[in-house]
Amino acid sequence: MQLQVARIGKPHGIRGEVTVQVLTDAPEDRFVPGTEFVVEPASAGPLTVDSARWNKDILLLGFAGIETRNQAETLRGAKLFIETEELEEDDDEGWYEHELVGLEARVGSQVVGKVAALHTMPVQDLLVIEGADGKEILVPFVEQIVPEVNVAGGFVLLTPPDGLFEINSDDAGSGEPEGNA
């Protein structure tokens, strides 16, 4: 099974290094020289790590055969995957994006959309819920708002604060206070 561990960002410097958005909790194990990644789109890979170093809080990777900034630019947005057998373990610490995408999003017994993506952020993760109208709603992936994830049952249960699903809609108001006469 393939597990996404990173998304390539912009080039760094002139020697072909790239920034990456780390999507694993074990970067020191995943990004060692010699590691080969399956890449999406397939035309960009496979890629083999030549170098890995941290610049403040940003991981910089160098790949075999990528020696210039222009070559590195062609990798921007590519997703890095590893082959793993570890996913068979039952891990209560979290979920991978591929486990969540496609699950129904429910508020009580009402289906309000489907999980379209998981954005991993420095402070907290965000679920991207695609509503029935096709609009995306960003939901903080915290226990108070997403108290239940039932992969086997095919749903996530949400307890959103008032207005969360209306905040990005056109009819959420014009920004003027109501009821003032």
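Only a predicted model underlies this, so the values are computations on that prediction, with no experimental measurement involved.

Undergrad: Which residues make up the sheet that holds strand β2 (residues 17–22), and what values go with them?
TA: The antiparallel closed barrel is built from six strands, whose spatial order is β1-β2-β5-β4-β3-β6. Direction aside, the axes of adjacent strands within the sheet are offset by 50° on average. Of the pairings in the sheet, the one linking strand β3 (residues 36–40) to strand β6 (residues 79–83) comprises three bridges and is antiparallel in character. The residue bridging Val38 from the neighbouring strand is Phe81, located in β6.

Undergrad: Give a detailed account of the side chain of Glu17, specifying residues and quantitative values.
TA: Tracing the sequence through the fold places Glu17 in strand β2. On the accessibility criterion, Glu17 (13% relative accessible area) is buried. Polar side-chain contacts of Glu17 include one of 2.8 Å to the side chain of Arg53. Those residues within four positions of Glu17 in sequence are excluded, and the remaining contacts are Pro11, His12, Ser51, Arg53, Leu60, Leu61, Gly62 and Ala72.

Undergrad: A description of the packing of aromatic side chains should follow, citing residues and the corresponding values.
TA: Where two aromatic rings form a pair, the distance of their centres and the angle of their planes describe that pair. Scanning the model with the defined rule gives one aromatic pair in all. Both rings, one in Phe31 and one in Phe37, keep their centres 5.7 Å apart while their planes meet at 40°; by these two values the pair is tilted. For Phe31, a relative accessible area of 4% gives the class buried.

Undergrad: Residues and numbers for the pairing of β6, please.
TA: By the bridge criterion, five bridges tie strand β1 (residues 2–12) to β6 in an arrangement that is antiparallel. Bridge pairing in β6 places Gln4 opposite Phe81.

Undergrad: Before we move on, can you summarise the sheet that holds strand β8 (residues 110–119) with the specific residues and values?
TA: Paired through their backbone hydrogen bonds, the strands of a sheet run either parallel or antiparallel. Read from one edge to the other, the open sheet built from six strands follows the order β10-β9-β8-β7-β12-β11, with strand pairing classed as mixed. The sheet is open, and its two borders are formed by β10 (136–140) and β11 (148–150), each paired with just one other strand. The mean angle between the axes of side-by-side strands here comes to 35°, regardless of whether they run parallel or antiparallel.

Undergrad: How would you explain the nonpolar core if you had to name every residue and give the values?
TA: Judged by nonpolar contacts, the single largest core of 21 residues is most densely connected at Ile8, Phe37, Leu47, Leu61, Phe63 and Leu80. Per-element tally for this core: the top contributor is β1, with four residues. Setting aside residues up to four positions removed in sequence, Ile8 forms contacts with Val18, Thr19, Val20, Leu47, Phe63, Leu75, Arg76, Gly77, Ala78 and Leu80. Counting residues in each nonpolar core, the second largest holds 17 residues, with Leu118, Phe141, Ile145 and Leu158 among its members.

Undergrad: Account for unusual backbone geometry, naming residues and giving values.
TA: With omega at 5°, the peptide bond leading from Glu40 into Pro41 counts as cis. Tracing the backbone shows Pro41 in the loop between β3 and β4 (47–55).

Undergrad: Give a detailed account of the environment of Glu130, specifying residues and quantitative values.
TA: Relative to the assigned elements, Glu130 resides in strand β9 (residues 126–131). The class of Glu130 is partly exposed, set by a relative accessible area of 40%. When the C-alpha positions of Glu130 and Gly113 are compared, they lie 5.3 Å apart, and in sequence the two are 17 residues distant. Those residues in contact with Glu130 that sit more than four places away from it in its chain are Val112, Gly113, Lys114, Ala116 and Lys135.

Undergrad: Which residues make up the confidence of the model for the protein, and what are the values?
TA: This prediction gives the protein a mean pLDDT of 81; 83% of its residues lie at or above 70. Least confident of the elements in the protein is helix α3 (residues 97–100), whose mean pLDDT is 80; most confident is helix α2 (residues 69–73), at 93. Across residues 87–91, confidence stays below pLDDT 50; counting only partners more than four residues off in sequence or on other chains, it has five contacts. Across residues 171–179, confidence stays below pLDDT 50; counting only partners more than four residues off in sequence or on other chains, it has two contacts.

Undergrad: Give me the lowdown on the side chain of Thr19, citing residues and values where you can.
TA: Relative to the helices and strands, Thr19 is located in strand β2. Here Thr19 falls in the buried class, since its relative accessible area comes to 12%. Beyond its immediate chain neighbours, meaning those up to four positions away, Thr19 contacts Arg7, Ile8, Gly9, Lys10, His12, Ile58, Leu59 and Leu60.

Analysis parameters
Residues numbered from 1 in each chain as written. Predicted model: local features only at pLDDT ≥ 70, side-chain atom pairs only at ≥ 80, totals over all residues. Heavy atoms only, no water. Pairing = 2+ DSSP bridges. Helix = DSSP H or I, 4+ residues; strand = E, 2+ residues; numbered from the N terminus. Axes fitted to C-alpha atoms, helices over the stretch in contact; angles between N-to-C directions. Buried < 20%, exposed > 50% of the residue type's maximum accessible area, 1.4 Å probe, protein only. Polar contact = N/O pair within 3.5 Å; in protein donor to acceptor, adjacent residues only side chain to side chain. Contact = heavy atoms within 4.5 Å. Phe/Tyr/Trp six-rings, centres within 6.5 Å; stacked < 30°, edge-to-face > 60°. Core = buried A, V, L, I, M, F, W, Y, C linked by side-chain atoms within 4.5 Å. pLDDT = per-residue confidence, 0-100.

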